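Below, each chain spelled out in residue letters.
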Amino acid sequence: MYAIQTKELVKRFGGFTAVGGISFDVNEGEIFGLLGPNGAGKTTTLSMLATLVKPTSGSGTVNGFDVLKDPHNVRKSIGFVFQEPSCDDLLSGRDNLYLHALMYGVDMHNIKEKIDAAFALVDLADKQNLIVKQYSGGMRRRLELARGLLHQPRVLFLDEPTLGLDPQTRQHLWKYIKKLVKETKVTIIITTHYMEEADQLCDRLAIIDHGKIVALDTPGNLKRKLGGDIIKLKVQSPNVSVIKKLKYVKHVKQDDGMLTITVDDANRHIQDILKKVGRVDNVELRSPTLNDVFLHYTGSEIRDNEAEGGVFERMMHSGNNR
Ligand SMILES: Nc1ncnc2c1ncn2[C@@H]1O[C@H](COP(=O)(O)OP(=O)(O)O)[C@@H](O)[C@H]1O
Ligand SMILES: [Mg+2]
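Only a predicted model underlies this, so the values are computations on that prediction, with no experimental measurement involved. (Residues numbered from 1 in each chain as written. Chains lettered and ligands numbered in written order. Predicted model: local features only at pLDDT ≥ 70, side-chain atom pairs only at ≥ 80, totals over all residues.)

**Q** Before we move on, can you summarise the sheet that holds strand β1 (residues 4-13) with the specific residues and values?
**A** With respect to topology, 4 strands assemble into an open sheet ordered β2-β1-β4-β5, the strand pairing being antiparallel. Of all the strands in the sheet, the pair left with one neighbour each is β2 (16-26) and β5 (65-66). Where β1 lies against β2, 8 bridges are found, and the strand directions are antiparallel. The residue bridging Lys 11 from the neighbouring strand is Val 19, located in β2. Here helix α1 (residues 42-49) sits on the sheet and contacts β1, β2 and β4 (57-62); the angle it forms with β1, its principal contact strand, is near 120 degrees. (Pairing = 2+ DSSP bridges. Helix = DSSP H or I, 4+ residues; strand = E, 2+ residues; numbered from the N terminus. Contact = placed C-beta atoms within 7 Å. Axes fitted to C-alpha atoms, helices over the stretch in contact; angles between N-to-C directions.)

**Q** An account of α1 is requested, with residue identities and associated values reported.
**A** Buried residues dominate α1, accounting for 8 of its 8 residues. Of the residues one or two after α1, Thr 51 is the one with positive phi, at around 65 degrees. (Buried ≥ 20, exposed ≤ 12 C-beta atoms within 10 Å, placed from the backbone.)

**Q** Describe the packing of helix α8 (residues 219-226) against helix α11 (residues 290-298), listing the residues and the values that go with them.
**A** It is at 9 Å that the axes of α8 and α11 come closest, and there the two elements cross at 65 degrees. In the packing of α8 onto α11, the handedness of the crossing is left-handed. Between α8 and α11, the residues in contact are Pro 219, Leu 222, Lys 223 and Leu 226 and Leu 290, Asp 292, Val 293 and His 296, respectively. (Left-handed = near helix turned anticlockwise from the far one by under 90°.)

**Q** Residues and numbers for the environment of Asp 265, please.
**A** Inspection of the secondary structure puts Asp 265 in the loop between β13 (258-263) and α10 (266-277). Expressed as a C-alpha distance, the spacing of Asp 265 and Tyr 248, which sit 17 residues apart in the sequence, is 8.0 Å.

**Q** Describe in detail the sheet that holds β13, supporting the description with residues and values.
**A** If you walk across this open sheet you meet the 4 strands as β12-β13-β11-β14, and the pairing is antiparallel. Edge positions in the sheet fall to β12 (249-255) and β14 (280-286), since each of these pairs with one other strand and no more. Going from strand to strand, the sheet's axes swing by 15 degrees on average, the running direction of each strand aside. Sheet analysis places β12 next to β13, joined by 6 bridges and oriented antiparallel. Residue pairing in the sheet places Val 249 in a bridge with Val 263 of β13.

**Q** For the pairing of β4, give the residues involved together with the corresponding values.
**A** Bridge count between β1 and β4: 5 bridges; the pairing is antiparallel. For Gln 5, the partnering residue across the bridge sits in β4 and is Thr 61. Both β4 and β5 contribute to a ladder of 2 bridges, which runs antiparallel. Note on β5: the bridge partner recorded for Val 62 is Phe 65.

**Q** Outline helix α4 (residues 111-121), listing residues and values.
**A** Helical periodicity: at 3.6 residues per turn, an α-helix aligns residues three or four positions apart in one direction. When we look at burial in α4, the residues that qualify are Ile 115, Ala 118 and Phe 119. Projection of α4 onto a plane perpendicular to its axis shows the buried side chains occupying an angular sector of 95 degrees, all on one side. (Arc of directions from axis to C-beta.)

**Q** Talk me through the nonpolar core; I want residue IDs and the actual numbers.
**A** Core analysis: the biggest nonpolar cluster contains 63 residues, and Ala 146, Val 155, Phe 157, Ile 188 and Ile 189 have the highest contact counts within it. When neighbours within four sequence positions are excluded, Ile 188 is seen to be in contact with Ile 31, Phe 32, Leu 156, Leu 158, Ile 177 and Val 181. Judged by nonpolar contacts, the second largest core, of 10 residues, contains Val 235, Ile 243, Ile 261 and Ile 273. (Core = buried A, V, L, I, M, F, W, Y, C linked by C-beta atoms within 7 Å.)

By themselves, these are just geometric observations and shouldn't be taken as functional.
Laid out in structure tokens, this is it:
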């Protein structure tokens, strides 16, 4: 059985299509990623699967339960860590988990042991009695992970779990997410706009742009599929049409005075390209990264400042209601 299945999921807000027909399957025990820029439709997709938002059309199951016909069982079988921080600052970490258990109908039998186990998983046992205000950004995210795991869900939804954290703290959190999967066998569906996060963490990922999946595979296969090496050139007025016609050139992309060329064997052909492309200011040669994959499929790069901020933040600013 798949942990998650979706078929042609669509969400329209008025005349605007936020999610335009998305289909994918997530295996049990897998870390599955949705990678895409701000506004791509990642949170909306998760929200439909978590039964927080009703799909306009299409279908989906989570742990075998239909998101439209059986939302109650879907909710009971999942944990959700939201993009926006949602722990109570003035309560201790432990009281936050206790309150969550009361509010969300977690089986209170052995609740002390369950909370202990959750804290142990994210290494916060020694900090559990501090008020959350005194937690660092990374500790807060770990507390939210622990909270999401409290009722032992079979699928955990993580919406941009490391948004805004510094790179080191982010890496630290990946370690915990991997540990959760290993020790609890939970399935994880995670959204991110960080290439490195998708690369390091996900068994498979879907690249999503403007509400559509544009590619889906393991990070390794996505990179391999691009084929060959990447040559990045800074050229003032490149002869793009000449380069495109070269037999060994697979793909050419022009972006802000940078030319990204995918070729079969860069070492063999670099001289020829340099001769033909025009006046070159800078050369970079390497194997493909997930960033190149993203650029290839979406035609643009994710810049960090574009990617910050979520639905709720935008709703606050625009006074928009759901
Ligand atoms: N409740 C809503 N009402 C109107 N538009 C929305 C609503 N929620 C999301 N959107 C729009 O749908 C698109 C996808 O949003 P979202 O799923 O939050 O993207 P992501 O999580 O990938 O950044 C965005 O353009 C967003 O503004
Ligand atoms: Mg989002």
